[in-house]
Every structure is written in structure tokens, then in C-alpha cells.
2 protein chains.
Amino acid sequence: MMVKITDVARRAGVSPSTVSYALSGKRPISDETKRRVEAAIRELGYRPHAGARALASSRSNVLALVIPLRAGIHVPVVMQFAVSVVTSARRHDHDVLLLTQEEGEDGLRRVADAALVDALIVMDVQLRDPRLPLLRSLDRPSVMIGFPLESEGLTCVDLDFKAAGELCVERLAGLGHRVVALVGSPPEVYVRGTAFAQRVVQGFTAAAHRSALASSVHPCEATPAAARRLAERLLREHPALTGVVVHNEAVLEPLIDAFEQLGLRVPADLSVTAICPDETAAALRVPVTSVALPSAELGERAVELLMQKLTGTAVPQETLLAPHLTERASTAPRLA
Amino acid sequence: MMVKITDVARRAGVSPSTVSYALSGKRPISDETKRRVEAAIRELGYRPHAGARALASSRSNVLALVIPLRAGIHVPVVMQFAVSVVTSARRHDHDVLLLTQEEGEDGLRRVADAALVDALIVMDVQLRDPRLPLLRSLDRPSVMIGFPLESEGLTCVDLDFKAAGELCVERLAGLGHRVVALVGSPPEVYVRGTAFAQRVVQGFTAAAHRSALASSVHPCEATPAAARRLAERLLREHPALTGVVVHNEAVLEPLIDAFEQLGLRVPADLSVTAICPDETAAALRVPVTSVALPSAELGERAVELLMQKLTGTAVPQETLLAPHLTERASTAPRLA
DNA sequence: CTGAAAGCGCTAACAT
DNA sequence: ATGTTAGCGCTTTCAG
């Protein structure tokens, strides 16, 4: 039934260890021998037993990926990230074990201690994430997506949200806009302390200052009704407003709809930039100029960092991905 | 560093095998002994080595989940399904390895032959899926989400899409509507032979016939523009139309928008029912009466079926989940 | 009800 | 450049 390494060795006329080394490349094998081993493997359809391997080498070649479930996270982004992690992991001959946030810290400890996985990727890290001490205590490397308050001894990677906020403002400033507003994530996102939301605010505010723009910040629930109310309020309280930065994919469309129903044309009367996945930005009725949320690139970087750590290479504690802005139909120069 | 079963055994004053049996329950252990073993496990923080276990027992306690990537599949549905599979698997003490469709048949063979997983769940099965013969040939059980043309020797589970189509029509018929249309998936979905799309058409058509309704079927691209064009065409070619069944989440909102802009009020002039996730239906501007796409339930059933197969229990070759319709704001009796 | 001991299939010293 | 062999940590006969 099952072909084992000794079967391959016998067929190739070599010892089991030679087969093992031919497979791993951990010591030089003559071309001739390698050829014979490879032939035997092919002919017998040999596939090393993962468990046996893990036991003997203390490497499972499996990464854990912890995905978030909570409200306010954008599902397609998570999915794209997960797919990217799987794809990247496979390029490094690793597989991916899927865990949900729900399992919590116990889940992390479980798969790490059982040697089920060699390393972990944790998404949606909070400023004071309870998993931080755990990750530090594990004997396996990990990478976090997102920045906690204190990342000492850990590795994290994320889009540079501060720079993204700045980029959006600078674009609007460059087009001549003088009064701008940030439509942010739902209030609870700020309350529970998600770093990226606050970083956007910092970048937005700092850049507005530098460019001497009048600016204001407005968290917004992820509902069309909330978007509508906010649009009305903005027009009432900031009549000179001509530029909006949106960091909340759920309200992007309803917000633009609301503005237009209130008599403002996008981009003629109002320019809009957003921080969101490119697909979202491009699929809207009015395609929106946006800074991409590079989930695929993030997944790739996370895996790459883990692979380095697994080989003992030192990696930077914090990795920030530079933001990229794509011009679309929602921005225009301010009318004189 | 690592606590092993012999450490626990020594501490508890028993043999390793007793610890093993206390953990697995595969043979009776006296209460007193079990207590001591459990105490030792807790005190030492013992966690069985997954690889060693897999090697000795030829059970990895890991399931493979293959998720689709292609266009036209609704991401949140896949995600919810995946989460449900992970959650259900954990209840049965199993973990989930995530594979992408991209890896194809080789990926399935790889994880199965390497004994990385005990069983497989394959999503998005096509009518003539190339993975069918492979799944039949593997020595590990599998469950497919969706129905192929020929499921002999395999196990599949899905929503009863035919009944779902019928249910939508019957609801409209019951409200007095006499002329109905089905707005379906994009043409390529039918072309590549996805069973569920065709089953909806079958159910829709059959039920319309039984209720003596005038009916027509219209595939639709997943873009707002296509939705708009289709709405115009429907009004032009079927002026007496008062009931629409939508099986295409992407165009649900734009379609209703288009109808309203063309002067039809929903539900006053036009009743709409849909087959889509409940969250989608409920979140729309006009909450839509819908048959739920029960991804969570599907995931649970898939895992349950696999667990049965793993214990050697026979399971039905095909499992159809009964559709459930939830009344919302998009349906009303036809005006006399 | 419990122990002793033989592997599970592979890797990685240790040999030569 | 290759072979020999001792485990890796656990489960599961086989014995009692």
C-alpha cells in the first residue's frame, strides 16, 4: 500500500539515508545516484510520510494562519490575504493550517506545543493584544499583521497607514483643495484600539497641517444610513468642503451616493480618495482614486519573514509597506 | 524543553501506554489512575507531539479544505464556509489544512499520500470535475460541496437548489404574480457546468409551469451596467412582469436600483425574491425576501459526514439541504 | 485494569 | 560520496 523510503532505496540500489539526502539536498549526491533515486521515486510514486518527517526532523513544514472573525473587518481582504499566504507558503514547500480567532490563545499554544506547526501568522493584531505575551513565550517564530503598541521581541508587518493617510491628503492638496475631511472606521474600531485606524488619522492630520488645509475627522458606522447622515452633517458644518478621504470601504458607495443626492457632483464639486482594496475602488459606480490595501503583498511578506526566521536569519522587528495611490475618476482639481 | 509521554508516565507513576490510553479512552482506566494521569498532564503542561501521533496511529487529525478562487464565486460565502469547517472540525478534535483550487489535483494527491490529512473537503465541484477520478482513487475519504454529474462512489452535499428555485416561484405565485423572470448567474457559470446554477433554473421553470405562470430565464453578468441593461430589457420585453427571482448576489442591489429608476417600486409594483446569503439579503436598502445560502450549515454537515466516514460508518451518497425562505420587504401581493 | 516492548517512517549523527 | 544505525514520541499489540 504505502511506499516507504526503504522501498525507494532498495529499488535505486542505495541506502535510505541517500534517498533522504537526495530529497533534502543536505549533503552532496553524485549526479548518477541522484538520477537513480529520482527514477525510483517516480516509478514507485513515493511520497514521504509527513508525520514521520515531522517526528524525525522536528519540522512539520506547516504554518498556522489565524484569521479574524469580528465585525468591521472586510471579508474579501482577509480571504485574499489567506490565499496569498497559502500560495506563498507553497512556494517554500510549506502548508497552511487555518485557525480562527475564536480559538484564542489556547489554539495558538495548542498547535505550537504539539509541534503541529513550525511558525505562526496572526492577523488583526490589536494595540494591546492579549496574544502578545503568548507569542513571545512560544518557542516558534511568528509574524503579526498589524502593529501593537509594543512589538519588542516580535515581528510585525502592515501597510504604512500613516503614509497612506498622508498620501491621500497630499493628493487632494495638490489638486488645490483647501478644506478636507476624513471619514473613518466605525467608532468601535478606534475604541478597541486598532493601530491602523489611528495611524490613518495621524497621517491625515499631519499632512493637512503641513499643507495648511482645514481638516476634520469623522468616524462612521458601516451602514448606508450612517453614511447619509454624515454626508448631510459634513455639508452643513463644513460648507467649504471639497475633499474627502474615506477609510471605510462599507460606506464608500453610499457616501458618494448621498453627496450626489445632496447636489454635489463627484469629482466636479467634491473629490474623494479612499484607502481600500483596489478591486473595491475600481468596481464602484464612480471609480475612486485610492491607496491600495495590498493584502496579497502582505501575505507574501509575512511568509517570507517567517521563512527567514525559520532559517535563523534576523529580520526587522517592524516592516511597513509603502502606500501606492492609483488615480481614478473621483478626483479633480478644485474649481477656481 | 519538550514534555513527553514518558515524563507524564513517570510523574503519574504509571506506564506510557496507560497515559496514552487515558488520553484516547481506547481501553478502560480506573478512576484513580485517570485522575493521577490528568494531574500529571496538567502539572507538566504535556501536549502530545502531533507528528509522533500521526506516525504511530496513521491518523493526523487534520482535514484538507480546498477553496475555489475563480471569478463568479462569492467570497463571503466561501469564507463563512471555511470558518464553519474549522469550527466544526475543532469540535471533533481535528484541524484544517487550507488548500487552494490552484494547486489542483496534485495538491490533493500530495496531502493525501503524505498522510498530512485524514480526509478532504472539496468546494465548488463542477459537473464534470477533473478531480472526481482522483478523489475516487485516494485511500482517504472526501466530501464534495456541490453535485457533479456522476457522484457514484463519492459523497456530496449542497443546498437543494432546485427546491430553492421552486420555493421562490411558489412564494411569488402565492402572492398572485402571474409573470415572473429569473435573473441568473453570469453566462460563464452555466457554460462551465456548475450544477447549482442549472438546478435553480430547473426548479424555477418547473414551479412556474406547475403554477401556470409565464416565465423567462436571463443569465446576467455581475456588473451594475449589465443589471441596468437587463432591467430595461425585462420591462420592454415583459411588460406584465411583476415577479423576479434573483440568483446572483452581485447584481441584486443594482437591479433593484435600476427597476426603481425605471419607475417600478419594490415591492409595490414588483416583487423580488433571491437566493443568497441571509446577511446580503438583509443588508440591502430594500431587504430582500430570500432563500438562504446556508454556508455555515453546509460546512458543519460536510465535517460531520467526513467524521462518519472516518469511523467507517456508511453515509448517503448525496445530501440535499432543504431551502428556507425568509420573508422580507421586497415581496407583496400583486395589485389587482 | 495495567505494563513491556515492538514498531510507525524518516532524519541525522557517526562512520568510512 | 555513501552506508549504518540510533533515535524522534507515540500507539498498540501482546502479556499478565
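Residues numbered from 1 in each chain as written. Chains lettered and ligands numbered in written order. Predicted model: local features only at pLDDT ≥ 70, side-chain atom pairs only at ≥ 80, totals over all residues. Heavy atoms only, no water.

- An unreviewed UniProt entry lists chain A under the name LacI family transcriptional regulator, from Streptomyces cellostaticus.

**Considering the overall build of chain A**
Phase 1: Secondary structure assignment for chain A yields 14 helices and 12 strands.
Phase 2: Here the C-alpha atoms of chain A give a radius of gyration of 25 Å, more than 25% beyond the 20 Å that 2.2 N^0.38 yields for 336 residues.
Phase 3: Considering only C-alpha atoms, chain A reaches an extent of 85 × 40 × 35 Å along its principal axes.
Phase 4: Across the 336 residues of chain A, 55% fall into the buried class.
Phase 5: Taking the contacts inside chain A whose residues are at least 6 apart along the sequence as the reference set, 71% of them involve residues at least 24 apart.
Phase 6: Just so you have it, chain A exposes about 14,300 Å², and 54% of that area is on carbon and sulfur atoms.
Phase 7: Separation of charge centres in chain A, based on 37 positive and 38 negative side chains, amounts to 4 Å. (Helix = DSSP H or I, 4+ residues; strand = E, 2+ residues; numbered from the N terminus. Rg over C-alpha atoms; globule rule 2.2 N^0.38 Å. Buried < 20%, exposed > 50% of the residue type's maximum accessible area, 1.4 Å probe, protein only. Contact = heavy atoms within 4.5 Å. Areas by Shrake-Rupley, 256 points an atom, 1.4 Å probe, with all protein chains shown as cover. Lys, Arg positive; Asp, Glu negative; His and termini not counted. Charge placed at Lys NZ, Arg CZ, Asp CG, Glu CD.)

**Quick look at the pattern of salt bridges**
Residue and element names in this part refer to chain B.
Phase 1: For the structure on display, the rule yields 43 salt bridges over all chains.
Phase 2: Here arginine 11 ties to glutamate 43 by a salt bridge, and the two come within 2.6 Å at their closest N and O atoms. Residue arginine 11 is found in helix 1 (residues 5-12), and its partner glutamate 43 is found in helix 3 (residues 31-44); the two are separated by 32 residues along the sequence.
Phase 3: The shortest N-O distance in the salt bridge between arginine 91 and glutamate 300 comes to 3.7 Å. Here arginine 91, found in helix 5 (residues 75-91), pairs with glutamate 300, found in helix 14 (residues 295-310); they are 209 residues apart in sequence, far enough to count as distant. (Salt bridge = Lys/Arg side-chain N within 4 Å of Asp/Glu carboxyl O.)

**A closer look at the pairing of strand 10 (residues 289-292) of chain B**
Residue and element names in this part refer to chain B.
Phase 1: Side chains of strand 10 alternate between two faces, with Thr289 and Val291 and Ser290 and Ala292 buried alike.
Phase 2: Alignment of strand 9 (residues 271-276) against strand 10, held across four bridges, turns out to be parallel. Among the inter-strand pairings, alanine 274 is bridged to a residue of strand 10, identified as serine 290.
Phase 3: Traced from strand 9 through helix 13 (residues 278-283) to strand 10, the parallel crossover comes out right-handed.
Phase 4: As paired elements, strand 10 and strand 12 (residues 325-326) share two bridges and run antiparallel to each other. In the strand pairing of strand 12, serine 290 is matched with threonine 326. (Pairing = 2+ DSSP bridges. Right-handed = clockwise from strand over helix to strand, strands pointing away.)

**So, the interface of chain B and chain A**
Phase 1: Listed by partner, the interface residues are 38 residues for chain B and 38 residues for chain A.
Phase 2: Interface area for chain B against chain A, summed over the two sides, is near 3,300 Å², with a carbon-plus-sulfur share of 69%.
Phase 3: Its largest share of buried area at the contact with chain A, chain B owes to Arg47, Met79 and Leu98 of chain B, together 19% of the area lost on that side.
Phase 4: Where chain B packs against chain A, one counts six salt bridges.
Phase 5: Across the pair glutamate 103 of chain A and arginine 90 of chain B runs a salt bridge whose closest N-O atoms are separated by 3.4 Å.
Phase 6: For the interface between chain B and chain A, the tally reads eight residue pairs in polar contact (both at pLDDT 80 or more).
Phase 7: Where the side of chain B that touches chain A is concerned, the elements lending two or more residues are helix 4 (50-57), strand 1 (62-67), helix 5, strand 2 (95-100) and helix 6 (104-113) of chain B. (Buried area = accessible area lost by both parts, 1.4 Å probe. Polar contact = N/O pair within 3.5 Å; in protein donor to acceptor, adjacent residues only side chain to side chain.)

**With respect to the protein's contact with DNA strand C**
Phase 1: Taken together, 26 residues lie around DNA strand C, and Ile5 and Tyr46 of chain A together with Thr18, Arg27 and Thr33 of chain B are the ones closest in.
Phase 2: Interatomic distance of 2.6 Å between a side-chain N/O atom of arginine 27 of chain B and a base oxygen of DNA strand C.
Phase 3: Here a base oxygen of DNA strand C sits 3.4 Å away from a polar atom, N or O, in the main chain of alanine 56 of chain B.
Phase 4: A total of four residues in the surface near DNA strand C trace back to one element, the largest contributor, which is helix 4 (residues 50-57) of chain A.
Phase 5: Among the residues making up the surface near DNA strand C, the classes are represented as 11 nonpolar, 10 polar and five charged. (Near = heavy atom within 4 Å. Nonpolar A, V, L, I, M, F, W, Y, C, P; charged D, E, K, R; others polar.)

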